[in-house]
Amino acid sequence: MPKRKVSHPLGAMAAVLTLGLLAGCGSSNSGFDNASKTPSAGKTKGVTLTMMIASSGDAETNAVNAAAKAWGKKTGNTVKVTPASNIQQQLTQAMAGGSPPDVFYGEANMFQSLVSANQLAVTGDKIDDPSDFYQPLVSSFTVDGKFYCVPKDFSTLGIQINTDLWKKAGLTDADLPTTWAKLEADAKRLTGNGVTGLVFSPTLDRIGAFMIEAGGSYMNADDTAFTFDSPGDLKGLQFVQKLAREGVLKFPKQVGMTWGGDSLGSGKAAMTIEGNWIIGAMKSDYPKLNYTTVPMPKGPDGTQGSLSFTNCWGIAAKSPHQAAAISFVDYLTSKQQQLTFASTIGVMPSRPSVKSAFLAANPAQKPFLDQASYAVPQITTVGFAQAQQAFDSKVPDLGSSANPKQMLAQLQKNASSLLNK
């Protein structure tokens, strides 16, 4: 397994966020090969690029298509955008078939696998001002000192509340779910008449926040061993089970929905837990919904916990159009385009130089950005996606037959075996 330059967010992101603007803007380096900053053989005009994305909905798909058209008009190129229904499966198949998309969303949990298979071009330092990215995000996509792909944005989790249902239940700002006890009490008050107090996707990518809040962790401090069998992880999962058994927590399929966003937007859920990608989705699909976002609650001992998510703009090592692809990624990660994506999709820019402009234009994002200093990132260990999938498959049964201790023991076993490969 290649050695990754590890980024732990507990304090690291906080230090970066306090830096404010990073000095200097470099000149554009678009059009370089995979080994050095020398011009690549690929054309930069008259090229048709293929691009695969994992879209959260129409808002994201439309925003990426608009950016692709704008860059194409500016440069004389064309981009064919494919929203994948399952990007891990579809990208893996495309890579195996020898015809990968030129540009794609490089999901964090696929990154190590792509690097190990030599499927990802090293392009992170070949765009304009590569120093102007939050360092923990850069570290997430750096292996053996090589900055493979550029972080496109990042997100943290928050609790979204339907404010009309909140007021109807007689709840006020004093009742906001700042603690586990308040979250449970709120969910009980909001459940009834066809509404479930809390609905979120059945995955470690939501439940993990409660594990962190309970003092648990994913890995030890130096990222050499998994810690899913810790008492804190068990306590967090047991709290989620308690809510499910009380009937105040359900998962989207149990209320006839597909994810937290449509559960909230349809009125089937009074609260959900999603990242800031929900902003664009709600604006597009449920524009009349009145809702607000608050940070994830503190655990029993006051520990704050949230999760962070990021993707990178990956360029295939086998792409015959790397020069044009780098130019395209350079455009996608420009300051103005990052702000455009922020306003249309709801994600937070990966460039700290636009932080002030971002918050001025998107004050609703403050609850998400405030959690960046302690949000725990996704695991990038090769094969972990399969280990997590096995865990996630048991989550819908938490309200009935699932055993939290056994679930975590199996996850610990499956994840730990990956470190020995």
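Residues numbered from 1 in each chain as written. Predicted model: local features only at pLDDT ≥ 70, side-chain atom pairs only at ≥ 80, totals over all residues. Heavy atoms only, no water.

## Let's talk about the overall build of the protein chain
Within the protein chain, the secondary structure is distributed over 17 helices and 13 strands. Taking 2.2 N^0.38 as the reference for a compact globule, 421 residues should give roughly 22 Å; the C-alpha atoms of the protein chain span a radius of gyration of 21 Å, in line with that estimate. Along the first, second and third principal axes, the C-alpha atoms of the protein chain reach 60 × 50 × 40 Å. Here the protein chain holds 421 residues, and the buried ones make up 56% of them. One way to put it: in the protein chain the 37 positive side-chain charges average out to a point 3 Å from where the 31 negative ones average out. (Helix = DSSP H or I, 4+ residues; strand = E, 2+ residues; numbered from the N terminus. Rg over C-alpha atoms; globule rule 2.2 N^0.38 Å. Buried < 20%, exposed > 50% of the residue type's maximum accessible area, 1.4 Å probe, protein only. Lys, Arg positive; Asp, Glu negative; His and termini not counted. Charge placed at Lys NZ, Arg CZ, Asp CG, Glu CD.)

## Concerning helix H2 (residues 58-75)
Given a rise of 1.5 Å per residue, 18 residues ought to cover 26 Å, and the 26 Å separating the end C-alpha atoms of H2 matches this to within 8%. Buried within H2 we find Ala59, Glu60, Thr61, Ala63, Val64, Ala67, Ala68, Trp71, Gly72 and Thr75. (Expected span 1.5 Å × (residues − 1).)

## Some details on the nonpolar core
Core analysis: the biggest nonpolar cluster contains 69 residues, and Phe200, Phe210, Phe228, Met271, Phe384 and Phe391 have the highest contact counts within it. Those residues within four positions of phenylalanine 210 in sequence are excluded, and the remaining contacts are Trp180, Leu183, Phe200, Gly236, Phe239, Val240, Ile273, Met296 and Pro297. In terms of nonpolar packing, the next biggest core, distinct from the first, is built from 49 residues, Ala68, Ile87, Ala325 and Val329 among them. (Core = buried A, V, L, I, M, F, W, Y, C linked by side-chain atoms within 4.5 Å. Contact = heavy atoms within 4.5 Å.)

## Some points on the packing of helix H9 (residues 231-245) against helix H17 (residues 404-419)
The N-to-C vectors of H9 and H17 enclose an angle of 135°; their axes lie 9 Å apart at closest approach. As summarised for this structure, H9 and H17 are arranged oblique, according to the angle between their axes. Between H9 and H17 the crossing geometry is right-handed. Packed against H9, whose contacting residues are Asp233, Leu234, Leu237, Gln238 and Gln241, the element H17 presents Pro404, Lys405, Met407 and Leu408 at the interface. Classifying every residue of the contact of H9 with H17 gives 5 nonpolar, 2 polar and 2 charged. (Axes fitted to C-alpha atoms, helices over the stretch in contact; angles between N-to-C directions. Parallel < 35°, antiparallel > 145°, perpendicular 65-115°, else oblique. Left-handed = near helix turned anticlockwise from the far one by under 90°. Nonpolar A, V, L, I, M, F, W, Y, C, P; charged D, E, K, R; others polar.)

## A word on the side chain of serine 350
Inspection of the secondary structure assignment puts serine 350 in the loop between strand S12 (348-349) and helix H14 (355-361). Setting aside chain neighbours within four positions, we find serine 350 in contact with Asp132, Phe133, Tyr134, Leu137, Pro151, Lys152, Asp153 and Gln338.

## Remarks on the environment of leucine 264
Along the chain, leucine 264 falls in helix H10 (residues 260-265). Remark: the alpha-carbon pair of leucine 264 and valine 150, spanning 114 residues in sequence, is separated by 32 Å. Not counting residues within four places of it along the chain, the set of residues in contact with leucine 264 comprises Gln160, Ile161, Asn162, Ala269, Ala270, Met271, Thr272, Leu289 and Tyr291.

## Some details on unusual backbone geometry
Even without being glycine, asparagine 118 reaches a positive phi, approximately 55°. Residue placement: asparagine 118 occurs in the loop between helix H4 (108-116) and helix H5 (135-140). For aspartate 223, which is not a glycine, the phi torsion comes out positive at approximately 60°. Along the chain, aspartate 223 falls in the loop between helix H8 (204-213) and H9. Owing to a relative accessible area of 17%, aspartate 223 belongs among the buried residues under this scheme.

## Regarding the state of the cysteines
The tally for this structure, following the rule as stated, stands at 1 disulfide. Paired through a disulfide, cysteine 149 and cysteine 312 show a sulfur-sulfur distance of 2.0 Å. On the S-S bond that ties cysteine 149 to cysteine 312, the torsion sits near -70°, and the link is left-handed. Taken together, the residues span a long stretch of sequence, with cysteine 149 in the loop between strand S5 (146-147) and strand S6 (150-162) and cysteine 312 in strand S11 (residues 306-315) at a distance of 163 residues. (Disulfide = S-S within 2.5 Å.)

Spatial relationships are all this shows, so hold off on functional conclusions.
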